[in-house]
Amino acid sequence: AHQWRGVIAEYAERLPENTRGTVVTLREGGTPLIPAEHLSELVGAQVHLKYEGLNPTGSFKDRGMTTAISAAAAAGARAVICASTGNTSASAAAYATKAGMTCGVLVPDGKIAMGKLSQAIAHGATLLQVDGNFDDCLTLARKLSEAYPVELVNSVNPARIEGQKTAAFEVVDALGDAPDIHCLPVGNAGNITAYWRGYRQYTSDAEQPGPATRRPRMWGFQAAGAAPIVLGHPVDEPETIATAIRIGNPASWEFAEAARDESGGLIDSVTDEEILAAHRLLSSREGVFVEPASAASVAGLLKASDAGQVPGGATIVCTVTGHGLKDPQWALKNADGSDVEPTRVPVDAVTAARALGLAE
Ligand code: F0G
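Residue numbers restart at each chain and count upward from 1, following the sequence in its written direction. Confidence filtering applies because this is a predicted model: local features only for residues at pLDDT of at least 70, side-chain atom pairs given and counted only at 80 or more, and all residues used for totals across whole chains, interfaces and linings.

Going by an unreviewed UniProt entry, the chain carries the name Threonine synthase and comes from Ornithinicoccus hortensis. UniProt positions are given in the numbering used here, feature names are shortened, and annotations may be inferred rather than shown by experiment. The Pathway (unreviewed entry) comment attached to the chain in UniProt states, word for word, "Amino-acid biosynthesis; L-threonine biosynthesis; L-threonine from L-aspartate: step 5/5." In its Catalytic activity (unreviewed entry) section, the UniProt record describing the chain reads: "O-phospho-L-homoserine + H2O = L-threonine + phosphate".

Following the UniProt record, one finds the feature "domain: Tryptophan synthase beta chain-like PALP" (unreviewed entry) at residues 24-322. Put simply, DSSP marks the helices as runs of H or I at least four residues long and the strands as runs of E at least two long, and each gets a number from the N terminus on. The span residues 24-322 is 42% helix and 17% strand, and its two end C-alpha atoms sit 21 Å from each other.

With that settled, consider the site of the ligand. Note on definitions: a residue is near a molecule or strand provided its C-beta atom, placed from the backbone, lies within 6 Å of it. Residues in contact with the ligand amount to 22 residues; listed here are only the nearest, Ser-84, Gly-187, Asn-188, Thr-321 and Gly-322. Those elements that provide at least two residues to the shell around the ligand are α4 (87-99) and α9 (190-201). Residue ranges labeled as domains rest on an automatic or database domain assignment. Both domains that meet at the shell around the ligand, namely domain 1 (7-59 + 160-332) and domain 2 (61-157), each give it at least three residues.

What the six strands build is an open sheet, ordered β1-β2-β10-β7-β8-β9; its pairing is mixed. Two strands in the sheet have a free side with no partner beyond their single neighbour: β1 (33-35) and β9 (266-270). For this sheet, the mean angle separating the axes of adjacent strands, direction not counted, is 25 degrees. Here, strands pair whenever DSSP counts at least two bridges between them. Pairing between β1 and strand β2 (residues 46-51): three bridges, direction antiparallel. Each bridged residue has a counterpart across the sheet, and for Pro-35 the counterpart in β2 is His-48. Its contacts with the sheet place helix α8 (residues 166-175) against β1, β2 and β10 (315-320), and it is angled at close to 140 degrees to β10. Axes, fitted as lines to C-alpha atoms, cover a helix only where it is in contact. Angles between the N-to-C directions of the axes lie from 0 to 180 degrees. The contact rule is simple: place each C-beta atom from the backbone, and if two of them lie within 7 Å, those residues are in contact.

Moving on: the nonpolar core. Core analysis: the largest hydrophobic core is formed by 101 residues, its most contacted members being Ile-69, Val-80, Ala-92 and Ala-296. With seven residues, α4 is the largest single contributor of residues to this core. Both domain 1 (7-59 + 160-332) and domain 2 (61-157) contribute no fewer than three residues apiece to this core. Those residues in contact with Ala-92 that sit more than four places away from it in its chain are Met-65, Val-80, Cys-82, Cys-103, Val-105 and Val-153. Nonpolar core, as used here: buried Ala, Val, Leu, Ile, Met, Phe, Trp, Tyr and Cys residues forming one set through C-beta atoms within 7 Å. The exposure label follows from counting other C-beta atoms within 10 Å of a residue's C-beta, where the C-beta atoms are placed from the backbone and the thresholds are 20 or more for buried and 12 or fewer for exposed, leaving partly exposed in between.

Residues lying three or four places apart along an α-helix face the same way, a consequence of the helix completing one turn every 3.6 residues. What a helix is expected to span follows from its residue count: subtract one and scale by 1.5 Å. In this model α9 runs 17 Å from its N-terminal to its C-terminal C-alpha over 12 residues, within 8% of the 16 Å that 1.5 Å per residue would give. The element α9 is extensively covered by neighbouring structure, given that nine of its 12 residues are classed as buried. Along α9, the residues classified as buried are Gly-190, Asn-191, Ile-192, Thr-193, Ala-194, Tyr-195, Trp-196, Gly-198 and Tyr-199. The secondary structure elements touched by the buried residues of α9 are α7 (158-164), α8, β7 (181-185), β8 (217-223) and α11 (253-263).

So, on to the packing of α8 against α9. In the contact formed by α8 and α9, the axes pass within 7 Å of each other and the chain directions differ by 50 degrees. As judged from the angle between their axes, α8 and α9 are oblique. As α8 packs across α9, the resulting crossing turns out to be right-handed. For the pair α8 and α9, contact is made by Thr-166, Ala-167, Ala-168 and Phe-169 and by Tyr-195, Gly-198 and Tyr-199, respectively. When grouped by side-chain class, the residues that make up the contact of α8 with α9 number five nonpolar, two polar and no charged. The labels follow the angle: roughly parallel below 35 degrees, roughly antiparallel above 145, roughly perpendicular from 65 to 115, and oblique for the rest. Helix crossings fall into two classes, left-handed where the near helix is turned counterclockwise from the far one by less than a right angle and right-handed where it is turned clockwise. We call Asp, Glu, Lys and Arg charged. Ala, Val, Leu, Ile, Met, Phe, Trp, Tyr, Cys and Pro are nonpolar, and the rest, Gly among them, are polar.

Another aspect to go through is unusual backbone geometry. Even without being a glycine, Arg-27 presents a positive backbone phi close to 65 degrees. Positionally, Arg-27 belongs in the loop between α1 (7-10) and β1. Located in the positive-phi region is Ala-189, a residue other than glycine, with phi close to 75 degrees. Examined against the element boundaries, Ala-189 turns out to sit in the loop between β7 and α9.

Okay, structure coming up:
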């Protein structure tokens with residue numbers, strides 16, 4: 001019987017030597033590419049969702065963490081550290097535990113979702129809530145890794161990007177070629193960098209030729225209150241309900257601009273309202289539950305469609321980066337912001353049937 005073996009085993013020949021010797025894996029990757037019928041109809045294109053919430057810790061970070069922790073293990077590291085808006089810390093904590101390493105995580109105080117926080121703690125990480133935002137946490141993590149014997153596993157670690165590029169390989173393997181457009185949320189900008197590298201390396205004219213005959217246009221979307229790349233300058237106090245991408249000075253800023261420019265793509269912003277509307281559409285129409293930041297890719301696609309930028313019939317992939325259970329509170333709000341109230345019934349079939357709309 002065949003089981004997906006994890007991204008290092010599946011794409012070993014396309015990953016660096018130092019990630020392949022001591023493999024630490026939770027069988028990440030191999031996530032579904034789901035046709036999105038309602039969205040396709042709305043934008044007049046063939047839209048697919050790359051559902052990265054189905055990775056072992058519930059986000060795309062696992063693709064880069066298997067490679068980063070494997071490389072750290074090969075180098076004899078005993079301890080790793082990261083700054084995080086939540087998902088990186090959950091993933092680092094799980095893979096470090098699997099590898100028998102200790103893990104320190106630095107998170108912005110009060111600004112990370114409960115699901116993510118509980119994962120880091122469950123997996124035994126030492127959690128420091130820093131009196132600052134994500135950008136401050138990353139500065140601190142870099143300093144610690146320079147001065148102390150601890151490996152930094154943020155996406156500034158080259159092994160992270162290498163692992164994450166495998167998502168682009170999977171899209172090409174599933175579709176038979178690259179899509180016309182690839183949409184994704186942008187926070188610290190590691191993922192857009194990784195996808196673009198993956199698409200470049202997987203074409204027939206690449207150094208190590210791959211099956212794709214073309215490359216997609218990369219469309220990245222930041223939250224409007226945390227949109228430094230769109231604005232062209234760092235944002236000192238980033239704000240958005242999509243806490244995963246609440247980042248004012250992305251580490252991979254220049255690589256994200258290169259992905260945009262080399263692919264003929266764009267990087268735009270979407271408001272929190274647009275993010276929540278897309279979040280609601282994904283849950284209620286497509287059956288795909290994601291965390292708010294993940295919905296930025298779809299919110300951006302809808303915005304571009306409204307602006308007439310989506311070519312009719314195009315093949316489009318939106319990466320939805322993290323599972324809805326990470327940050328479930330947003331599902332319990334109505335479109336007007338009020339709380340969803342449960343309907344209470346006695347133990348009585350007729351009353352229950354009426355409440356369900358099955359009887360008058
Ligand atoms: N979506 C989710 C769910 C994320 O957790 C992140 C980043 C992004 C999108 C943006 O990806 O940073 O590569 O541009 N989360 C990081 C973290 C910052 O610490 O978990 P990016």
